Amino acid sequence: YTIKSLNTLITQAGFQPVYMHYWGSLGLPLIYLQRRLWWGKKKEDYETFIPPTHFNNLLRDLLLVDFYISKKVSIPFGVNIISVVERNNALNFDS
């Protein structure tokens, strides 16, 4: 998803976006490489794979740095989108 496409889906579902933000931007290159390594593998082969500790630690540290940077700067891409929504009061969900 992009923020624009997710915003459209949320609105069509009768909700109003309150906050939308990309998250995990600094980890994107590593996650891309990891997925390329598993390209063509059976789903069962990589769903239960546990990465080495040093790789997990690197991703954790990158995500922590990303978290602090994203508080100060809006980054226009990322691995995830964080979204807070509220129900649109114009719609009647009681019927």
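Calculation notes
- Residues numbered from 1 in each chain as written.
- Predicted model: local features only at pLDDT ≥ 70, side-chain atom pairs only at ≥ 80, totals over all residues.
- Heavy atoms only, no water.
- Helix = DSSP H or I, 4+ residues; strand = E, 2+ residues; numbered from the N terminus.
- Buried < 20%, exposed > 50% of the residue type's maximum accessible area, 1.4 Å probe, protein only.
- Contact = heavy atoms within 4.5 Å.
- Areas by Shrake-Rupley, 256 points an atom, 1.4 Å probe, with all protein chains shown as cover.
- Axes fitted to C-alpha atoms, helices over the stretch in contact; angles between N-to-C directions.
- Nonpolar A, V, L, I, M, F, W, Y, C, P; charged D, E, K, R; others polar.
- Expected span 1.5 Å × (residues − 1).
- Arc of directions from axis to C-beta.
- Salt bridge = Lys/Arg side-chain N within 4 Å of Asp/Glu carboxyl O.

> Explain the overall build of the chain to me, and be specific about the residues and the numbers.
For the chain, the helix and strand inventory stands at four helices and two strands. The secondary structure elements of the chain, listed N-terminal to C-terminal, are α-β-α-α-α-β. Split into buried and exposed, the 95 residues of the chain put 17% on the buried side. The contacts of the chain with a sequence gap of at least 6 include a subset with a gap of at least 24, amounting to 79%. Of the roughly 7700 Å² of accessible surface on the chain, a fraction of 59% belongs to carbon and sulfur atoms.

> Account for the packing of helix α2 (residues 28–37) against helix α4 (residues 53–72), naming residues and giving values.
Contact geometry of α2 with α4 gives a least axis separation of 10 Å together with a crossing angle of 145°. Side by side, α2 and α4 meet where L30, I31 and Q34 of the first sit next to F55, L58, L59 and L62 of the second. The residue makeup of the contact of α2 with α4, split by class, is six nonpolar, one polar and no charged.

> I'd like to hear about α4, residue by residue, with values.
Taking 1.5 Å per residue as the helical rise, α4 with its 20 residues ought to reach 28 Å, and the 30 Å between its terminal C-alpha atoms agrees with that figure. Here α4 has its buried residues at F55, L59, D66 and S70. Seen end-on, α4 carries its buried residues on one side only, within an arc spanning 40°. Opposite the buried face of α4, by more than 90 degrees, sit the exposed residues T53, H54, Y68, K71 and K72.

> Can you explain the pattern of salt bridges? Please cite residues and give values.
Within this structure, the stated rule accounts for one salt bridge. Two residues, D61 and R60, come together in a salt bridge whose shortest N-O distance is 3.1 Å. For D61, a relative accessible area of 38% gives the class partly exposed.

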